[in-house]
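Descriptive analysis of the structure
So the chains spell out like this:
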Amino acid sequence: MVERVRELGVRDARVLDALRAVPRQVFVDPALASRAYEDTALPIGHGQTISQPYIVARTAELALAECPDPKSSKVLEIGTGCGYAAAVLAQLFGTVISIERVRALHELARGNLRPLRIAQLRLAFGDGSLGVPSEAPFDVITAAAAGEEIPPAWIAQLKPGGRIVAPVGSGEQQMTIVSKDAQGRVSRRTSEPVRFVPLRGGTV
Ligand code: SAH
């Protein structure tokens, strides 16, 4: 799986090591365990999926780029799902907060992650389009669900010097990188077309 991700263009050794460190079979339904190391998204229930490993790796690579000190950086992940990407991000960054709006998935992730005992990872339940004000500000915000725009709360909760890596768009989605410079000026660019589940408001 890691070799496949590398072939697709992720070359950051820190990211490839993080993928090697997290057993993906822990995060998939036992009935799908034989497919855990395929580079594909798989269903996790509630109409959601565990992301394709390549896309988890690519998001992490974009999040790490120009991050001066990842191990002292605080990350917010929107869309915990089964918790796989959160576990990968926690190998790379000092603190990871991951929020999920579907309570059953939040609980699923909690159960999946418990045996891995990742001290620097905390899970939150709620509507991540509002960010997590009690934990702000963040050095990095990543999203595993695509909104039509970057929610203003994410920009407000981003530290100067920080970046957001998130899919944006309703039909065609683009991976979008929002940077806030030391003076607080915000700029954005898009990197590549992607396909994520939609970012939804509220909780269920
Ligand atoms: N990070 C996961 C990907 C899960 S799919 C992985 O490692 O595979 C994206 C998740 O985003 C879904 O579980 C969905 O319920 C969640 N989501 C969508 N909108 C959200 C919102 N506003 N706040 C929090 N989570 C949201």
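Residues numbered from 1 in each chain as written. Predicted model: local features only at pLDDT ≥ 70, side-chain atom pairs only at ≥ 80, totals over all residues. Heavy atoms only, no water.

**Digging into the pattern of salt bridges**
The test is simple: One speaks of a salt bridge when a side-chain nitrogen belonging to Lys or Arg is within 4 Å of a carboxyl oxygen belonging to Asp or Glu. What counts as a helix is a DSSP run of H or I of at least four residues, what counts as a strand is a run of E of at least two, and both are numbered from the N terminus. Burial here depends on accessible area, computed with a 1.4 Å probe over protein chains only, as a share of the maximum for the residue type. Under 20% is buried, over 50% is exposed, and the range in between is partly exposed.
The full count for this structure, using the stated rule, is 14 salt bridges. Between Glu 192 and Arg 58 there is a salt bridge; the shortest N-O distance is 2.8 Å. Here the residue Glu 192 occupies a position in strand β10 (residues 186-194), and Arg 58 occupies one in helix α3 (residues 53-64), the gap between them amounting to 134 residues. Per residue, the accessibility class of Glu 192 equals that of Arg 58, and both read buried. Glu 66 is the partner of Arg 163 in a salt bridge, and the nearest nitrogen-oxygen pair spans 3.5 Å. Of the two residues, Arg 163 sits in strand β8 (residues 158-168) while Glu 66 sits in the loop between α3 and β3 (74-78), which places them 97 residues apart along the sequence. On the basis of relative accessibility, which here comes to 69%, the residue Glu 66 falls in the exposed class. Among the charged side chains, a network of salt bridges with common partners joins Arg 58, Glu 61 and Glu 192.

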